[in-house]
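Chain by chain, the residues run as shown.
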Amino acid sequence: YSYTDENVFGGEQYYYRLVDVSTSGAKVTHPIITVLANGKPKPTTYMISQNYPNPFNGRTMIDYAIPMASEVKLSIYDVTGKLIKTLVKEKQDVNYYRVVWDGKDNRGSLVSAGVYFYKMTSGSFDKSMKMMYLK
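First things first, this report covers the structure right here in the doc. (Residues numbered from 1 in each chain as written. Predicted model: local features only at pLDDT ≥ 70, side-chain atom pairs only at ≥ 80, totals over all residues. Heavy atoms only, no water.)

Take unusual backbone geometry next. Most of the time, phi is negative for any residue but glycine, and the peptide bond is trans. Here the amide bond leading from Tyr52 into Pro53 is cis, since omega sits at -5°, within 30 degrees of zero. Topologically, Pro53 is positioned in the loop between β5 (47–48) and β6 (60–66). Omega for the peptide link from Asn54 to Pro55 comes to 0°, which places this bond in the cis form. As for its position among the elements, Pro55 is in the loop between β5 and β6. (Helix = DSSP H or I, 4+ residues; strand = E, 2+ residues; numbered from the N terminus.)

Here it is, written out as structure tokens:
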């Protein structure tokens, strides 16, 4: 048997219990095992990265992290401050995230080439960054 838990943070200790269930329905419960996870530690601060690629043509990715469960809003604006696209608007758990923007607005239309800003707000965190869309 194998099991991969995709929702763990490096440096954290996790506990698992395996229960075998046979085709006849008989159950065998195994002792709890303790696992120390490798990989990225749990985020301790809010973070939003520069989109990549930048400049982009077609699609770009934005990585961010939140250190506590909270409402997250991540939106794209044009140079006049007009809302173009809301990428994220929901409560999210502590974790690292990646969102993709395909150069389309909230109506599904492709935007013009040019400079755009993306802004993330969550809790007391509020940060904007600049990107360039090429056609």
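All right, on to the nonpolar core then. Of all hydrophobic cores here, the largest spans 22 residues; its most connected members are Ile48, Tyr64, Leu74, Ile76, Trp101 and Met120. Where this core is concerned, the elements lending two or more residues are β6, β7 (70–78), β8 (83–92), β9 (95–101), β10 (114–122) and β11 (125–133). With four residues, the single largest contributor to this core is β11. Excluding anything up to four places from it in sequence, Ile48 contacts Ile62, Asp63, Tyr64, Leu74, Tyr118, Met120, Phe125, Lys127 and Met129. (Core = buried A, V, L, I, M, F, W, Y, C linked by side-chain atoms within 4.5 Å. Buried < 20%, exposed > 50% of the residue type's maximum accessible area, 1.4 Å probe, protein only. Contact = heavy atoms within 4.5 Å.)

Without other data, these values stay purely geometric and don't point to any function.
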